[in-house]
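The chain contents come next:
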Amino acid sequence: MGRWIALSLLLIIAGAVVSVWRGWLDVPAQWNPWAPLDVKAVPNWLTGFKLMRLRTDPELCAQALSRSDLRVTPQADSPDAKCPLIGAVRVQGGEVALSSSFLASCPLAVAYAMFERHTLQPAAQALYGQPVARVDHLGSFACRNVYNRESGALSRHASADALDIAGVRLADGRSVSVLRDWPKHNQDAQFLRQVRDGACEVFSVVLSPDYNAAHRNHFHVDVGRWSVCR
């Protein structure tokens, strides 16, 4: 009896999934896995799947990015370069300024837009009662191997899929630095840990000083195919 109940439930679930996919069953966009990603919608358990789809669908990614508040400039493709870039954009900032513009793949730009809106600003408002005015970073695109090794796998930076975030400046001019403030036991350290944990909702990989000494002064965030949050 239990086996038949389980099979019936599986058939019902499968039928519902197919119905949503085919458009026979109307559900709100945030609960429809195949609805376009809304950057401004609060992330839920389907957000990771929707972000993953952007990696293989440039048009869908461009659509999501266009609905964000980021100011971006499309970059010329460089398919014949040692580290080719296709569909990359230069992110110039949004509601939050940047220490400098950075190159990003479309999926990275979308994930950053969501990070800024749903992680960074809520954490700052909750702990400081004010917004972040600027994000300080150490760069994104770099045609190199992991850890600058002479051989081995290319870094996610080599495809503009990664960004290294060093800290932020609050609206009142106060700065919070990963290098300086992560080791402390105060409000700034709490803020940085909230930001690190929240970033894991939209980036595939988030590496902090807890990961290793190479990340003592920044958060490495990327949109690769692996999933690591530490």
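Here the structure is a predicted model, which means the values were calculated and not measured.

Visitor: Explain the overall build of the protein chain to me, using residue names and the numbers behind them.
Guide: Within the protein chain, the secondary structure is distributed over 6 helices and 10 strands. When each of the 230 residues of the protein chain is scored for burial, the buried share is 43%. In the protein chain, once contacts between residues fewer than 6 apart in sequence are set aside, the share between residues at least 24 apart is 53%. When the accessible surface of the protein chain is totalled, it reaches about 12,500 Å², and 56% of it is carbon and sulfur.

Visitor: Now, about the packing of aromatic side chains: what can you tell me, with residues and values included?
Guide: Enumeration over the complete set of coordinates arrives at 6 aromatic pairs. Ring plane angle 80° and centroid distance 5.6 Å describe the contact between Phe 102 and Tyr 112, whose orientation is recorded as edge-to-face. Taken together, the residues Phe 102 in strand β4 (residues 102-104) and Tyr 112 in helix α4 (residues 106-128) connect sequence positions 10 residues apart. The same class applies to Phe 102 and to Tyr 112, which are both buried. Between Phe 115 and Phe 203, the ring centres sit 5.7 Å apart and the planes meet at 55°, which makes this aromatic pair tilted. Of the two residues, Phe 115 sits in helix α4 while Phe 203 sits in the loop between α6 (187-199) and β8 (205-207), which places them 88 residues apart along the sequence. Judged by its relative accessible area of 2%, Phe 115 is buried. Judged by relative accessible area, which is 4%, Phe 203 ranks as buried.

Visitor: Describe the nonpolar core, naming the residues involved and giving the relevant values.
Guide: Judged by nonpolar contacts, the single largest core of 48 residues is most densely connected at Val 110, Tyr 112, Phe 115, Val 132, Val 135, Phe 191 and Phe 203. In terms of residues, this core owes the most to one element, α4, which gives 14 residues. Not counting residues within four places of it along the chain, the set of residues in contact with Phe 191 comprises Leu 120, Ala 123, Ala 124, Leu 127, Tyr 128, Val 132, Val 168 and Val 176.

Visitor: Would you mind going over the side chain of Ser 140 in detail, with residue names and values included?
Guide: As for its placement among the helices and strands, Ser 140 is situated in the loop between β5 (132-139) and β6 (162-170). Residue contacts for Ser 140: discarding those within four places in its chain leaves Phe 102, Leu 103, His 157, Ala 162 and Leu 163.

Visitor: Requested: an account of the state of the cysteines, with residues and values cited.
Guide: All chains considered together, the criterion is met by 3 disulfides. The disulfide partner of Cys 61 is Cys 106, and the S-S distance across this bridge is 2.2 Å. Handedness of the Cys 61-Cys 106 disulfide follows from its S-S torsion of about -110°: it is left-handed. Taken together, the residues span a long stretch of sequence, with Cys 61 in helix α3 (residues 58-66) and Cys 106 in helix α4 at a distance of 45 residues. Comparing Cys 61 with Cys 106, the two get one shared label, buried. Paired through a disulfide, Cys 200 and Cys 229 show a sulfur-sulfur distance of 1.7 Å.

Thresholds, definitions, all that
Residues numbered from 1 in each chain as written. Predicted model: local features only at pLDDT ≥ 70, side-chain atom pairs only at ≥ 80, totals over all residues. Heavy atoms only, no water. Helix = DSSP H or I, 4+ residues; strand = E, 2+ residues; numbered from the N terminus. Buried < 20%, exposed > 50% of the residue type's maximum accessible area, 1.4 Å probe, protein only. Contact = heavy atoms within 4.5 Å. Areas by Shrake-Rupley, 256 points an atom, 1.4 Å probe, with all protein chains shown as cover. Phe/Tyr/Trp six-rings, centres within 6.5 Å; stacked < 30°, edge-to-face > 60°. Core = buried A, V, L, I, M, F, W, Y, C linked by side-chain atoms within 4.5 Å. Disulfide = S-S within 2.5 Å.

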